Amino acid sequence: MKRIVVLVSGNGSNLQAILDACQQGRINGSVAAVFSNHADAFALQRAQQAGVPSHALAADDFADREAFDRQLMQQIDSYAPDLVVLAGYMRILSAEFVGHFAGRMLNIHPSLLPKYPGLDTHRRAIENGDSEHGTSVHFVTEQLDGGPVILQAKVPVFADDSEADVAARVQHQEHAIYPLAIGWFMDGRLEMRDNAAWLDGQPLPAAGYAVD
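Because the structure is predicted, anything quoted here is derived from the model rather than measured.

*Asks:* How would you sum up the pairing of strand 1 (residues 3–8)? Please name residues and give values.
*Replies:* Most of strand 1 sits out of view: five of its six residues are buried. Inspection of the sheet shows strand 1 paired to strand 2 (residues 30–36) by six bridges, in the parallel sense. By the bridge assignment for strand 2, R3 is matched with S30. Crossover strand 1 to strand 2 through helix 1 (residues 13–23) is right-handed. Note: strand 1 against strand 4 (residues 83–86), four bridges, orientation parallel.

As structure tokens, then:
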């Protein structure tokens, strides 16, 4: 069975969606381990409850980002993953780390990329008066939130929405599309080729897979 390693920093709701999808057979694989840069991340409790090995590394224990990432890389490699999944992992990755897992590392970002890379995406969408917002699954490259998009989901933004309203709407979609994209990868349908996402042997458009 193919193996997934998940990196988390916080609550881990996307991790839970992935664990559930594996258990239900919607992802042809299993979560081999979960790593966090915060020992108190609730996501680690989710992993433990699912019987998945969980580990925390503290940045203060390392001289710099590169040293932290090298140790993390070695620990991830000990689980021989087919895929590394970032699920709310709030650290910038070193070039060495990204290069090591190139083509087999996915991220989910709460915006319709290339719009709003980085933080505070819901606030930015509201402040700019956007009528729609969303989330994107993409391959990870050295460019922050700039790797090839695989799949997006859109949500409406209403005039009286708070950030929490928008965040809840977006998160609901994340829990649907992230396991789907991971499932494609585990089934051998999805790959990164020539800095583009390919599904079933065909390059996907810039905004990723579209039903219509």
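*Asks:* Provide a residue-level description of the pairing of strand 8 (residues 190–193), including the pertinent values.
*Replies:* One ladder, built from four bridges, connects strand 8 with strand 9 (residues 196–199); its direction is antiparallel. Residue pairing for strand 9: R193 is matched across the bridge by A196. Turn length for the strand 8-strand 9 hairpin, with the two strands adjacent in sequence and antiparallel, is two residues, and the turn residue D194 shows positive phi of about 55°.

*Asks:* Describe the sheet that holds strand 5 (residues 105–109), with residues and values.
*Replies:* Pairing is mixed in the open sheet, where seven strands are placed in the order 3-2-1-4-5-6-7. Single-partner strands in this sheet number two, and they are strand 3 (54–56) and strand 7 (149–156). Sheet twist, expressed as the mean angle between neighbouring strand axes with direction ignored, is 20°. In the packing of helix 6 (residues 163–186) onto the sheet, contacts are made with strand 1, strand 4, strand 5, strand 6 (132–139) and strand 7, and the angle to strand 7 comes to roughly 155°.

*Asks:* Could you give me a rundown of the pattern of salt bridges, with the residues and numbers involved?
*Replies:* Overall, the coordinates contain eight salt bridges when judged by the stated rule. The residue R70 makes a salt bridge to E96 at a minimum N-O spacing of 3.3 Å. One end of the pair, R70, is in helix 3 (residues 65–77); the other, E96, is in helix 4 (residues 95–100), with 26 residues separating them in the sequence. Taken together, the shared-partner salt bridges in this structure form one network comprising D120, R123 and E127.

*Asks:* An account of the packing of helix 1 against helix 6 is needed here, citing residue identities and associated values.
*Replies:* Running from N to C, helix 1 and helix 6 cross one another at 45°; their axes reach a closest spacing of 9 Å. In terms of orientation, helix 1 lies oblique with respect to helix 6. You can see that helix 1 and helix 6 cross each other, and the crossing is right-handed. Here S13, N14, A17, I18 and A21 of helix 1 come into contact with helix 6, specifically with Q171, E174, H175, Y178, P179 and I182. When grouped by side-chain class, the residues that make up the contact of helix 1 with helix 6 number six nonpolar, four polar and one charged.

*Asks:* Any chance you could break down helix 6 for me, citing the residues and the numbers?
*Replies:* Here helix 6 spans 34 Å end to end across 24 residues, near enough to the 34 Å set by a 1.5 Å rise per residue. Of all the bends in helix 6, the largest measures some 25° and sits at E174. Burial in helix 6 covers these residues: V166, V170, E174, I177, Y178, P179, A181, I182, G183, W184, F185 and M186. Immediately beyond the C-terminal end of helix 6, within one or two residues, lies G188, with a positive phi of roughly 80°.

*Asks:* Describe the side chain of T135, with residues and values.
*Replies:* Topologically, T135 is positioned in strand 6. At 3.0 Å, the side chain of T135 forms a polar contact with the backbone oxygen of H109. Aside from chain neighbours lying at most four places away, what touches T135 is I108, H109, P110, S111, L112, L151, Q152, A153, V170, Q173, E174 and I177.

*Asks:* Requested: an account of helix 2 (residues 42–49), with residues and values cited.
*Replies:* Among the residues of helix 2, those classed as buried are A43, L44, R46 and A47. The buried residues of helix 2 occupy an angular sector of 155° when the element is viewed end-on, so they sit on one face. Structurally, helix 2 contributes buried residues whose contacts are with strand 1, helix 1, strand 2 and strand 3. Backbone geometry just downstream of helix 2 places G51 in the positive-phi region, at approximately 75°.

*Asks:* I'd like a rundown of the sheet that holds strand 8, residues and numbers included.
*Replies:* Here three strands make up an open sheet; going across it, the order is 8-9-10 and the pairing antiparallel. The two strands at the open ends of the sheet, each matched to only one other strand, are strand 8 and strand 10 (202–203). Direction of pairing for strand 9 relative to strand 10: antiparallel, over a ladder of two bridges. Bridge pairing in strand 10 links W198 to P203.

Reading the values: rules and limits
- Residues numbered from 1 in each chain as written.
- Predicted model: local features only at pLDDT ≥ 70, side-chain atom pairs only at ≥ 80, totals over all residues.
- Heavy atoms only, no water.
- Buried < 20%, exposed > 50% of the residue type's maximum accessible area, 1.4 Å probe, protein only.
- Helix = DSSP H or I, 4+ residues; strand = E, 2+ residues; numbered from the N terminus.
- Pairing = 2+ DSSP bridges.
- Right-handed = clockwise from strand over helix to strand, strands pointing away.
- Axes fitted to C-alpha atoms, helices over the stretch in contact; angles between N-to-C directions.
- Contact = heavy atoms within 4.5 Å.
- Salt bridge = Lys/Arg side-chain N within 4 Å of Asp/Glu carboxyl O.
- Parallel < 35°, antiparallel > 145°, perpendicular 65-115°, else oblique.
- Left-handed = near helix turned anticlockwise from the far one by under 90°.
- Nonpolar A, V, L, I, M, F, W, Y, C, P; charged D, E, K, R; others polar.
- Expected span 1.5 Å × (residues − 1).
- Bend = angle between axes of the 7 residues up to and from the residue.
- Polar contact = N/O pair within 3.5 Å; in protein donor to acceptor, adjacent residues only side chain to side chain.
- Arc of directions from axis to C-beta.

Coordinates in, geometry out; function isn't part of it.
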